[in-house]
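Reading the structure
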Amino acid sequence: MASPFLQYIAEFMYARRYAKRTIEAYVYWIKFYVLYHKKQHPSVLTEQDVETFLSFLVNQRNVAPRTQATALNALSFLYSKVLQQPLSLNLNFNRSQLSPKLPVVLTRAEINALLKVVDPKYKLLTQLMYGSGLRLMEAVRLRVHDIDYDYLSVMVWQGKGNKNRRVTLAPELVPALKQQSQYVLQYFQADLANPEYSGVWLPYALARKNPGAPKQIGWQYLFPSGKLSTDPDSKLLRRHHLDETCLRREVKLAAKKANISKNVTCHTLRHSVIKCVHAFYPSGQPAAVQIHSR
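What you are looking at is a predicted structure, and each value in this text was computed from that prediction instead of being measured.

Glancing now at the overall build of the protein. From N to C terminus, the protein includes 11 helices and six strands. Over its C-alpha atoms, taken along the principal directions, the protein stretches across nearly 60 × 50 × 35 Å. A burial count over the protein gives 42% of its 294 residues as buried. Restricting to contacts in the protein with at least 6 residues of sequence separation, those with at least 24 account for 63%. When the accessible surface of the protein is split by element, carbon and sulfur atoms take 53% of a total near 17200 Å². Separation of charge centres in the protein, based on 40 positive and 19 negative side chains, amounts to 3 Å.

If you want it as structure tokens, here you go:
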């Protein structure tokens, strides 16, 4: 990232604990916006320039509604949080009218076929996404103590919309999850022997309130990365969770191996279990309950 301005925006967002993917997306669209206007600084551009850019995305690039909405959110963040010049709520631009895609849903036979060929390294994660209806990032961000074996449930913290919830856990996955916890313990013991290891990353002020927590087994990621890495914010050596792009790629590959012609993604697994729940509960009985923030 050569631009000092874009680097400042990224650091500004990291300091406020925005998700890495959100930071990357916002920086991408802000950069695109600046290049579209011939590298003029956003502070000298007007709301009309914002409207022109958003209309360009639809008229010339033919982007989907969600893509245009992401670009708008990035620019809104730029002007309101960084430049302190909030945009008007009455922007006049050509909005994308493309019809949203219908969700892809797998049958039980297709799920079984996929699970038979998925790489064993990612099988448990795939089973959790399907069995408990977890989103991709919710699954890879699980900590060891987020699995409640007594109540056969999984605790999801700061999910979509920054909400917490408890979802059901398939009893068949308990042995594999306990084995995974032992696998984490082996990594953890090796990390503690490394004098440069600073413990796992914790959100908000948890590390300050509980200084010992980063080096407690319960806080370690249930699906850890195979190597230590430097935290881009604190510059400390930590072990992050498994790279979500690897899981995303493996699910795609497994669907191809299983000869499933549908466009299968990690979110397809969540769609599939939700459809099954609705089949059993036509009245719309919820599959999860809200829990208090820790």
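What follows concerns the packing of helix 2 (residues 20–36) against helix 4 (residues 65–82). For the pair helix 2 and helix 4, interaxial distance at closest approach is 9 Å and the crossing angle is 85 degrees. On the basis of their axis angle, the class for helix 2 and helix 4 is roughly perpendicular. For the pair helix 2 and helix 4, contact is made by Ala-25, Tyr-26, Trp-29, Ile-30 and Tyr-33 and by Thr-67, Thr-70, Ala-71, Asn-73, Ala-74, Leu-75, Phe-77, Leu-78 and Tyr-79, respectively. For the contact of helix 2 with helix 4, the class distribution of residues is 11 nonpolar, three polar and no charged.

Next up on the list: the pairing of strand 2 (residues 153–156). Because side chains alternate across strand 2, one face comprises the buried residues Ser-153 and Met-155, and the other comprises Val-154 and Val-156, equally buried. Judged from the two bridges that link them, strand 1 (residues 147–148) and strand 2 form a sheet pairing that is antiparallel. Each bridged residue has a counterpart across the sheet, and for Asp-148 the counterpart in strand 2 is Ser-153. What sits between the antiparallel neighbours strand 1 and strand 2 is a turn of four residues, in which Leu-152 has the positive phi angle 50 degrees.

All right, on to the environment of Leu-78 then. Along the polypeptide, Leu-78 turns up in helix 4. Separated by 69 residues in the primary sequence, Leu-78 and Ile-9 place their C-alpha atoms 8.1 Å from one another. Residues within four places of Leu-78 in sequence aside, it is in contact with Phe-5, Ile-9, Ile-30, Pro-42 and Leu-83.

Another point: the packing of aromatic side chains. This model, assessed by the stated rule, comprises 15 aromatic pairs. Taking the centre distance of 6.2 Å and the plane angle of 85 degrees together, the rings of Phe-32 and Phe-56 count as edge-to-face. Taken as a pair, Phe-32 in helix 2 and Phe-56 in helix 3 (residues 47–59) lie far apart in primary sequence, 24 residues in all. What makes Phe-56 buried here is its relative accessible area of 17%.

Under the criterion given, the structure shown has six salt bridges. Note that Lys-262 is salt-bridged to Glu-110, the shortest N-O span being 2.9 Å. Note that Lys-262 is positioned in the loop between helix 10 (244–257) and helix 11 (266–280) and Glu-110 in helix 5 (residues 108–117), a separation of 152 residues in sequence. Residue Glu-110 is classed as buried on the basis of its relative accessible area, which comes to 18%. For Asp-148, the salt bridge is made with Arg-166, and the minimal N-O distance between the two is 3.1 Å. A residue pair is termed long-range when its members are at least 10 positions apart, and Asp-148 in strand 1 and Arg-166 in strand 3 (residues 165–168) qualify at 18 residues. Residues joined by salt bridges that share partners form a network here, namely Arg-135, Glu-138 and Arg-165.

What counts and what doesn't
- Residues numbered from 1 in each chain as written.
- Predicted model: local features only at pLDDT ≥ 70, side-chain atom pairs only at ≥ 80, totals over all residues.
- Heavy atoms only, no water.
- Helix = DSSP H or I, 4+ residues; strand = E, 2+ residues; numbered from the N terminus.
- Buried < 20%, exposed > 50% of the residue type's maximum accessible area, 1.4 Å probe, protein only.
- Contact = heavy atoms within 4.5 Å.
- Areas by Shrake-Rupley, 256 points an atom, 1.4 Å probe, with all protein chains shown as cover.
- Lys, Arg positive; Asp, Glu negative; His and termini not counted.
- Charge placed at Lys NZ, Arg CZ, Asp CG, Glu CD.
- Axes fitted to C-alpha atoms, helices over the stretch in contact; angles between N-to-C directions.
- Parallel < 35°, antiparallel > 145°, perpendicular 65-115°, else oblique.
- Nonpolar A, V, L, I, M, F, W, Y, C, P; charged D, E, K, R; others polar.
- Pairing = 2+ DSSP bridges.
- Phe/Tyr/Trp six-rings, centres within 6.5 Å; stacked < 30°, edge-to-face > 60°.
- Salt bridge = Lys/Arg side-chain N within 4 Å of Asp/Glu carboxyl O.

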